[in-house]
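# Summary of the model geometry
Residues per chain are reported as follows:
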Amino acid sequence: MGFLDVILGRSKPVRPDLDQLFALPSAAVALQAAAGFVPTGRGSVCFASVEGGAFARIQEEARSLLDGSVEFTQDAYGYTWLLVRHPPEDVAGLVNDLYAVNTSLEEAGFGPQLLCSLVGFREEQQRSLALVYLYKRGTFYPFAPQREGGEKRDNPLELQVRAMLGDDLTIEKDLTRWFPVWGAPGL
């Protein structure tokens, strides 16, 4: 980072650290012990859609790598979501698959299109929660939609989860980057 960058307030972008994903299994244990949220066995990777043969090859590679237990969907904003399913108790296997997908996309030159990955959780009262990994920031944040439906968040729960998992995960400090992932597969 140069002198002009400092003066002009530019910051050096954070390099993605996909190894952060491997902290999720222990965070899942802490989340279950502290708040009763259990893994759903579903997780997803979100990326900006890309056209062309190279991307079609990556999709086929992901399907073969994950034994076909993967679904691709597009959301209303045009982003592609890749959903992976595992037994709920196999958080480590789910994280390994999410890591493999992210790495495959990154190595194929699609790193700039990667947005986030998430792992879903539920508790007894059927509240949903996702731990979301921001690819370009190398940080996590909790996303909790309210049970009543609609597009409202359970902000107190999100802040509680932040406090619970602050020692287990690198939590995103800038709350404005905790963007909602309404209707995300895996949530």
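For the structure itself, look to the data block above.
Notes on the structure in this doc start here. (Residues numbered from 1 in each chain as written. Predicted model: local features only at pLDDT ≥ 70, side-chain atom pairs only at ≥ 80, totals over all residues. Heavy atoms only, no water.)

### Remarks on helix α5 (residues 155-165)
Turning to α5, its buried residues number three or more, namely L157, E158, V161 and L165. Take α5 and look down its axis: the buried residues cluster within an arc of 100°, on one side only. Across from the buried face of α5, at angles greater than 90 degrees, the exposed residues are P156 and A163. Here the buried face of α5 lies against α2 (24-35), β5 (128-134) and β6 (139-143). (Buried < 20%, exposed > 50% of the residue type's maximum accessible area, 1.4 Å probe, protein only. Helix = DSSP H or I, 4+ residues; strand = E, 2+ residues; numbered from the N terminus. Arc of directions from axis to C-beta. Contact = heavy atoms within 4.5 Å.)

### A word on the pattern of salt bridges
When the charged atoms of two side chains with opposite charge come close together, those side chains can pair. If you walk through the whole model with that rule in mind, you get seven salt bridges. Between E71 and R85 there is a salt bridge, with the nearest N and O atoms lying 2.6 Å from each other. With a gap of 14 residues between them, E71 in strand β2 (residues 70-74) and R85 in strand β3 (residues 79-85) connect regions that are remote in the sequence. With a relative accessible area of 36%, E71 lands in the partly exposed category. Residue R85 is classed as partly exposed on the basis of its relative accessible area, which comes to 39%. Here R153 and E158 are joined by a salt bridge, their closest N and O atoms 3.0 Å apart. Just as R153 is buried, E158 falls in that class too. Through salt bridges that share partners, E123, R127 and D154 make up one connected network. (Salt bridge = Lys/Arg side-chain N within 4 Å of Asp/Glu carboxyl O.)

### Some remarks on the side chain of S117
By the element assignment, S117 lies in strand β4 (residues 114-122). Here the side chain of S117 touches N102 through a polar contact of 2.9 Å, side chain to side chain. Among all residues touching S117, those that are not within four sequence positions of it are L21, S44, V45, N102, L131, V132 and Y133. (Polar contact = N/O pair within 3.5 Å; in protein donor to acceptor, adjacent residues only side chain to side chain.)

### Concerning the sheet that holds β3
What the six strands build is an open sheet, ordered β2-β3-β1-β4-β5-β6; its pairing is antiparallel. Each edge of the sheet is formed by a strand with only one pairing partner; in this case those strands are β2 and β6. Here the strands of the sheet are splayed against their neighbours by 25° on average, with no regard to which way each runs. In this sheet, β6 lies alongside β5 in antiparallel orientation, the contact comprising five bridges. Directly across from V132, in β6, lies its bridge partner Y141. Across the sheet, helix α4 (residues 91-110) touches β1 (38-48), β3 and β4, and the angle it forms with β1 is around 5°. (Pairing = 2+ DSSP bridges. Axes fitted to C-alpha atoms, helices over the stretch in contact; angles between N-to-C directions.)

### A look at the packing of aromatic side chains
Aromatic rings in a pair are described by how distant their centres are and how their planes are angled relative to each other. Counting across every chain of the model gives five aromatic pairs. Measuring from ring centre to ring centre gives 4.8 Å for F22 and Y99, while their planes differ by 40°; the resulting arrangement is tilted. Within this pair, whereas F22 is found in the loop between α1 (3-7) and α2, its partner Y99 is found in helix α4, the two being separated by 77 residues in sequence. You can call F22 partly exposed: its relative accessible area is 38%. (Phe/Tyr/Trp six-rings, centres within 6.5 Å; stacked < 30°, edge-to-face > 60°.)

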